[in-house]
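Single-letter residue listing:
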Amino acid sequence: MNGGKRPNITVIGGGTGMPVLLRGLKNLPIDLTALVTVADDGGSTGRLRHTMGMPAPGDIRNVIAALSDAEPMLLDLFQHRFAEGNGLTGHSMGNLLLAAMTSLTGDFFTGIKEISRVLNVKGTIYPISNQSMSLHARMTDGTIVSGESNIPLANKKIERIFLRPEPVQPLPNAVEAVRNADLVVVAPGSLYTSILPNMIIPQMIGALKHAKGNVVYICNVMTQAGETTGYTAADHVEAIRHHIGESCIDTIVVHNEPISQRVRNVYAEENASPVVYDTDRLVDMGLEIIEGDIINPSKTTLRHDTEKVANLLYSIIN
């Protein structure tokens, strides 16, 4: 980077993969922006969406927790989920705080900014949109499945996803954050229900295609039942291109170490298997391929290693 200016990295995503990535990036000398999906409709999030007509707070809550430098006890409180209590059961404290702050300020994004300030968040968090939206999928057999939480449960092959109401208005700051970033990172996560909902908004498609910096996709390590069963790494990219167009991903990051049989067995119970890394097709697609050991090996649940991935992304910029 020239002139000693801190590089800016914009991460797009949601679900469980994004916070893992952000925890490593937040400690680097960068200006960090997170663009988070608001199409979730399950559990506490779904109930708040229904009763308050607000965008989904759940993925935003997890990103706030990941980027916060608050006291551990305060974060535990923020992430606390009520196990009992009339009307409170299943609700997360953080979701309720986001709902209260949205009500107080009259605006979801302003509510996020205020809670981010209180919890000492490093970086900037933007919801992909300030409006409530719902996710739908057209399956290859022609059926339409509505609702983010219902799509994987249908257990059918997905042809295309789309958002309602149309047109969804993205947050202008979110579009600018993609267009002007030195590096745009598409986080790992549920391809059709956490990642693509952020990317299929027309203004966002334009920003990705004309982004100043490289657009890097961190590929999932395991397939996901009901979404990407049998998908290779190239199939993941193909699905993104099918929705966004050819010139939206420049680089793909893949894990290239074998996965133990013990871990495979755990995932097999969920009809998930390692994503095959099909180099030839990725090369034919004109992608730059970065491979490495980027998994935290200590758990039966596979997660990207937050430090390894953060350092790898930082090395791309420098």
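These lines cover the structure that appears in this document, whether it is placed above or below. (Residues numbered from 1 in each chain as written. Predicted model: local features only at pLDDT ≥ 70, side-chain atom pairs only at ≥ 80, totals over all residues. Heavy atoms only, no water.)

Thoughts on the side chain of threonine 10
The test is simple: Runs of E in the DSSP output that reach at least two residues are strands. Runs of H or I that reach at least four are helices, and both are numbered from the N terminus. The contact rule is simple, with two residues in contact once any of their heavy atoms fall within 4.5 Å.
Of note, threonine 10 is situated in strand 1 (residues 8-13). In this view, threonine 10 contacts Thr33, Leu35, Ala177, Val178, Ala181, Leu183, Val184 and Val185; residues no more than four positions away in its chain are not counted.

Brief notes about the nonpolar core
We count it as follows: Among the buried residues, those of types Ala, Val, Leu, Ile, Met, Phe, Trp, Tyr and Cys that are joined through side-chain atoms within 4.5 Å form a nonpolar core. For every residue, the accessible area obtained with a 1.4 Å probe (protein chains only) is divided by the maximum for its type, and the residue is called buried under 20%, exposed over 50%, and partly exposed between those limits.
With 100 residues, the main nonpolar core has Val11, Leu25, Ile64, Met199 and Met204 as its most contacted residues. With residues up to four places along the chain from it excluded, the contact list for valine 11 reads Met18, Leu21, Leu22, Leu25, Leu32, Thr33, Ala34, Leu35, Val185 and Ala187. With eight residues, the next largest nonpolar core counts Val221, Ile259, Ala272 and Leu302 among its residues.

Concerning the pattern of salt bridges
Put simply, the rule reads: The salt bridge criterion pairs a side-chain nitrogen of Lys or Arg with a carboxyl oxygen of Asp or Glu, the two atoms within 4 Å.
Under the definition given, this model contains twelve salt bridges. Across the salt bridge formed by aspartate 182 and lysine 5, the nearest N and O atoms sit 4.0 Å from each other. You can see aspartate 182 sitting in the loop between helix 7 (172-179) and strand 7 (183-186) and its partner lysine 5 sitting in the segment before strand 1, a full 177 residues away along the chain. Residue lysine 5 is classed as partly exposed on the basis of its relative accessible area, which comes to 46%. Here aspartate 278 makes a salt bridge to arginine 281, at a shortest N to O gap of 3.3 Å. Owing to a relative accessible area of 15%, aspartate 278 belongs among the buried residues under this scheme. Counted as one network, the salt bridges with shared partners bring together Lys5, Asp182 and Lys212.

Overview of the packing of helix 8 (residues 191-199) against helix 10 (residues 233-244)
Rules: Angular values range over 0 to 180 degrees, each being the angle between N-to-C directions of two axes fitted as lines to C-alpha atoms, with helices fitted over their stretch in contact. Take the far helix as your reference; a near helix turned counterclockwise from it by less than a right angle gives a left-handed crossing, and one turned clockwise gives a right-handed crossing.
One way to put it is that helix 8 packs onto helix 10 with a least axis distance of 11 Å and a crossing angle of 40 degrees. The interaxial crossing formed by helix 8 with helix 10 has right-handed handedness. The segment helix 8 lies against helix 10, with Leu191, Tyr192, Leu196 and Met199 engaging His236, Ala239, Ile240, His243 and Ile244.

Overview of helix 13 (residues 306-317)
The criterion, for reference: What a helix is expected to span follows from its residue count: subtract one and scale by 1.5 Å. The arc in question is formed by the directions pointing from the helix axis toward the C-beta atoms. Definition of a polar contact: a pair of N or O atoms within 3.5 Å, with one able to donate and the other able to accept a hydrogen when the atoms are protein atoms, and with sequence-neighbouring residues admitted only if both atoms are side-chain atoms.
Look at helix 13: 17 Å from first C-alpha to last across twelve residues, which is about the 16 Å you get at 1.5 Å a residue. Looking at helix 13, one finds that the buried residues are Val309, Ala310, Leu312, Leu313 and Ile317. Each buried residue of helix 13 lies within a common arc of 160 degrees when the element is viewed along its axis, so the set occupies one face. Near the N-terminus of helix 13, the side chain that reaches the backbone nitrogen of glutamate 307, with its oxygen 3.1 Å away, is that of aspartate 305.

A short note on the sheet that holds strand 10 (residues 288-292)
For clarity, the cut-off: One bridge is not enough; two strands pair if DSSP finds at least two bridges between them.
In spatial order, the strands read 3-2-1-7-8-9-10; together these seven strands make up an open sheet with parallel pairing. The open sheet has two edge strands, strand 3 (124-127) and strand 10, and neither has a second partner. When the angles between neighbouring strand axes are averaged without regard to direction, this sheet yields 20 degrees. The pairing of strand 1 with strand 2 (residues 31-36) spans six bridges and is parallel. If you follow isoleucine 9 over to strand 2, its bridge partner there is leucine 32.

Quick word on the environment of asparagine 180
By secondary structure assignment, the location of asparagine 180 is in the loop between helix 7 and strand 7. Owing to a relative accessible area of 39%, asparagine 180 belongs among the partly exposed residues under this scheme. Asparagine 180 sits 170 residues away from threonine 10 along the chain, and the two C-alpha atoms are 8.9 Å apart. A polar side-chain atom of asparagine 180 sits 2.9 Å from a polar atom in the side chain of glutamate 176.

Brief notes about the side chain of asparagine 220
Here asparagine 220 shows up in the loop between strand 8 (214-218) and helix 10. On the accessibility criterion, asparagine 220 (11% relative accessible area) is buried. Beyond its immediate sequence surroundings of up to four residues, asparagine 220 is in contact with Pro188, Gly189, Leu191, His236 and Val275.

A few points about the layout of surface pockets
Put simply, the test is: For each structure, a 1 Å grid was placed over the protein atoms alone; sets of points admitting a 1.4 Å probe that cannot get out are labelled cavities, open sets with protein on both sides within 12 Å along at least five of seven lines are labelled pockets, and lining residues have an atom within 4 Å of a point. Grid points are joined across faces, edges and corners, and a volume is the space filled by probe spheres set on the points. Gly counts as polar in this scheme, as do all residues outside two lists: the nonpolar Ala, Val, Leu, Ile, Met, Phe, Trp, Tyr, Cys and Pro, and the charged Asp, Glu, Lys and Arg.
Estimated volume of the largest pocket: approximately 850 Å³. As for the largest pocket, its lining consists of 35 residues, and the residues nearest its centre are Thr16, Gly189, Ser190, Gln224 and Arg303. Listed by contribution, the elements that provide at least two residues to the lining of the largest pocket are helix 1 (17-25), helix 3 (58-67), helix 8, helix 11 (261-268) and strand 12 (303-304). At three residues, helix 8 tops the list of elements feeding residues into the lining of the largest pocket. Here the lining of the largest pocket is built from residues that sort into 13 nonpolar, 17 polar and five charged.

Regarding the environment of leucine 104
Secondary-structure assignment places leucine 104 in helix 5 (residues 93-105). Distance in space between the C-alpha atoms of leucine 104 and alanine 70 is 22 Å, their sequence separation being 34 residues.

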